[in-house]
Amino acid sequence: MRHAYSVETVRAAERALMARLPEGALMQRAAAGLAVACGDLLRRNGRVYGSRVLLLVGSGDNGGDTLYAGARLVRRGAGVRALLTSPDKVHGAALAALLAAGGQVLDGPDLGAFGPVDLVVDGITGIGGRGGLRPEAAALLRAVTGGHAPVLAVDLPSGVEADTGQVLGAAVRADATVTFGTYKPGLLIDPAAGHAGALRLVDIGLAPELPARPDLEALQYADVAALLPVPDGESDKYRRGVVGVAAGSERYPGAAVLAVAGALRGGAGAVRYAGPGADAVIARFPETLVHPGPPSEAGRVQAWVVGPGLGDSSAAAGAVSDALASDVPVLVDADGLRLMDAAVVRSRTAPTVLTPHAGEAAALLGVAREEVEAGRLAAVRELAARHHATVLLKGSTTLVAEPGDTAVRVNPTGTSWLATAGSGDVLSGLTGSLLAAGLAPRDAASVGAYLHGLAARRASDGAPVAAQDVADAVPAAWRDVRA
């Protein structure tokens, strides 16, 4: 599992570690790891010896890491020059090391005398940077990254917010980022994550100084495999979990079909459907147990999924209220988010999972959609706290939060091909089936999002994909995880 910690936590851990190490040892560890990553990138595109490396160097420790790494590259035969964005605040010892090794300092962004650049290393600002790049730094960045040389960011792309993932001004768009000690939230959350490129974590010995609970975590294959509900020899369709689906309407019967598809492909032992889309559901999935009435009359279930394609009729509102009145976990999506009573959600004793996209989240919070998209981490935390519910905030990076002092989870398998009609309905059914199988709400939402993204990647393979294709690819994604 990938763990990410806030700047304040990382700084405190670094201070504790430095107190036990010789002066400068921590920076040398970071510089050594950075130099190795630079060398790997240079070899991928040619070789280290004879390559040309341009360092963009800011003030403080981040600039020091960059300069010390540059000195190591010089000793491996690379031609290294540095552009200093704050010459009066540069790390003196690190600059001296670069010059002693044979590196040079450029007077300005005119690179004509230097020739083609094979690698640009962004060491302008570190994790303490706020509010985007200053105009002069942004201009420098444009001048030196206009070619085709890859850009490698040091610890974090300069200009992005480490704690929130926000991008509040001009920022570096890196091809790769080397980060030290632990991941930072901004490396895993869009829009900042979109600036980071491929991530590489350098171990500098920080782990023992970090608290047990991270601020953010991302499941990996092994974590998901350990959570998947796999039937044993004593299982039957009821023990595997029965999920109820209250979705669809005369206008949107496809939402019912897709939600049921997600539930069936997600491993439910049985699916009970309650609503007006029974004919469409049975035509596609004859194994579904259907009922025309409200959820409470459909039969026993271990979890409900309510909301996709319900519309705004009185019957739709009644279905949402009926499901929320049950004593089993309920996932509320789409139209259900508009129709639900927030006070009822807060008062439930059984778990509730809300799955809004940015627009729906904005409506629930009473803010502009742009505010949610720019600050996804704050939005998902506020939604979870306000509704006393687990919240899965869909988007370019899907986040899962629950009330209380637990880490927010970020899904690493998302893909832009999921931006297609009905894919959210599939996710709701899939997550509902995991709830019915007995997974805790945060685990069900996290695993559902992970499999959903993996299935979309499998189904699309770089080409357009429909929601039903995603649902059909879920079993293959399941096999990939367990392999």
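Values in this document were obtained by computation on a predicted structure and should not be read as measured data.

**Structural notes on the packing of aromatic side chains**
Two aromatic rings, taken as a pair, are described by how far apart their centres are and by the angle between their planes. Within this structure, the stated rule accounts for one aromatic pair. Each ring, one from Tyr 221 and one from Tyr 450, has its centre 6.0 Å from the other, and the planes form 75°; the classification is edge-to-face. With Tyr 221 in helix H7 (residues 221-227) and Tyr 450 in helix H17 (residues 441-460), this pair connects stretches of sequence that are 229 residues apart. Overall, Tyr 450 belongs to the buried group, its relative accessible area being 4%.

**Let's talk about empty space enclosed by the protein**
Taken as a whole and judged by the stated rule, the model has one cavity of 30 Å³ or more. Computed from the structure, the largest cavity encloses a volume of approximately 50 Å³. Taken together, Leu 219, Thr 398, Val 400, Arg 409, Val 410, Asn 411, Pro 412, Ser 446, Ala 449 and Tyr 450 form the lining of the largest cavity. Residue assignment for the lining of the largest cavity shows that the elements contributing at least two residues are strand E18 (408-410) and H17. With three residues, the single largest contributor to the lining of the largest cavity is H17. Of the residues in the lining of the largest cavity, the class split is six nonpolar, three polar and one charged.

**Focus on the sheet that holds strand E6 (residues 151-154)**
Across the sheet, which stays open at both edges, the seven strands sit in the order E4-E3-E2-E5-E6-E7-E8 with parallel pairing between neighbours. In this open sheet, the two strands that pair with only one neighbour each are strand E4 (104-105) and strand E8 (198-202). Pairing of strand E2 (residues 52-57) with strand E5 (residues 119-123) involves five bridges; the strand directions are parallel. Bridge pairing in E5 links Leu 55 to Val 121. Where helix H5 (residues 135-144) meets the sheet, it contacts E2, strand E3 (79-84) and E5, and its direction lies at approximately 170° from that of E2.

**Focus on the UniProt feature "binding site: K(+)" (unreviewed entry) in the protein**
Residues given the UniProt feature "binding site: K(+)" (unreviewed entry) here are Asn 62, Asp 122 and Ser 158. The annotated residues occupy 97 residues of the chain but converge on a single region, no pair of C-alpha atoms lying more than 10.2 Å apart. Looking at the element boundaries, Asn 62 is found in helix H3 (residues 60-75). Given the relative accessible area of 8%, Asn 62 is considered buried. Contacts of Asn 62, omitting those with residues within four sequence positions, involve Gly 123, Ile 124, Thr 125, Gly 126, Val 154 and Asp 155. Taking relative accessible area as the criterion, Asp 122 reaches 0% and is therefore assigned buried. If we skip the residues at most four places from it in the chain, Asp 122 touches Leu 56, Val 151, Leu 152, Ala 153, Val 154, Leu 156, Pro 157, Ser 158 and Val 172.

**Some words on the pairing of strand E16 (residues 390-393)**
With burial as the criterion, each face of E16 is covered, one bearing Thr 390 and Leu 392 and the other bearing Val 391 and Leu 393. Turn length for the E16-strand E17 (residues 399-401) hairpin, with the two strands adjacent in sequence and antiparallel, is five residues, and the turn residue Gly 395 shows positive phi of about 155°.

**Some thoughts on the nonpolar core**
A general feature of soluble globular proteins is that nonpolar side chains tend to end up buried together. One finds Val 53, Leu 55, Leu 67, Trp 304 and Met 340 to be the most contacted residues of the largest nonpolar core, which totals 94 residues. Ranked by residue count, the leading element in this core is helix H2 (residues 25-44), at ten residues. By size, the runner-up hydrophobic cluster in this structure holds 47 residues, among which are Leu 219, Val 260, Leu 264 and Leu 454.

**So, the sheet that holds E18**
The mixed open sheet is built from eleven strands, whose spatial order is E1-E9-E18-E17-E16-E15-E14-E13-E10-E11-E12. The open sheet has two edge strands with one neighbour each: strand E1 (2-4) and strand E12 (289-291). Direction aside, neighbouring strands of the sheet carry axes that sit 20° apart on average. Helix H16 (residues 423-436) contacts strand E10 (242-246), strand E13 (303-306), strand E14 (330-332), strand E15 (352-354) and E16 of the sheet and is inclined by roughly 165° relative to E13.

**Focus: the pairing of E3**
Bridge count for E2 against E3 is six bridges, and the pairing is parallel. The residue of E3 that forms the bridge with Val 53 is Val 80. The handedness of the E2 to E3 crossover, carried by H3, is right-handed. Once you follow E3 into helix H4 (residues 92-101) and on to E4, the crossover reads as right-handed.

**Here we look at H4**
Structural remark: α-helix, 3.6 residues per turn; residues separated by three or four positions point the same way. Among the residues of H4, Ala 94, Leu 95 and Leu 98 are the ones counted as buried. Taken down its axis, H4 places every buried residue within 100° of arc, on the same side. Tucked into the core, H4 has its buried residues touching E2, H3, E3 and E4. Looking at the residues trailing H4, positive phi occurs at Gly 102, about 115°.

The rules behind the values
- Residues numbered from 1 in each chain as written.
- Predicted model: local features only at pLDDT ≥ 70, side-chain atom pairs only at ≥ 80, totals over all residues.
- Heavy atoms only, no water.
- Phe/Tyr/Trp six-rings, centres within 6.5 Å; stacked < 30°, edge-to-face > 60°.
- Helix = DSSP H or I, 4+ residues; strand = E, 2+ residues; numbered from the N terminus.
- Buried < 20%, exposed > 50% of the residue type's maximum accessible area, 1.4 Å probe, protein only.
- 1 Å grid on protein atoms, 1.4 Å probe; cavity = no way out; pocket = protein on both sides within 12 Å on 5 of 7 lines; lining within 4 Å.
- Points joined across faces, edges and corners; volume = space filled by probe spheres on them.
- Nonpolar A, V, L, I, M, F, W, Y, C, P; charged D, E, K, R; others polar.
- Pairing = 2+ DSSP bridges.
- Contact = heavy atoms within 4.5 Å.
- Axes fitted to C-alpha atoms, helices over the stretch in contact; angles between N-to-C directions.
- UniProt positions renumbered as here; feature names shortened; annotations may be inferred.
- Core = buried A, V, L, I, M, F, W, Y, C linked by side-chain atoms within 4.5 Å.
- Right-handed = clockwise from strand over helix to strand, strands pointing away.
- Arc of directions from axis to C-beta.

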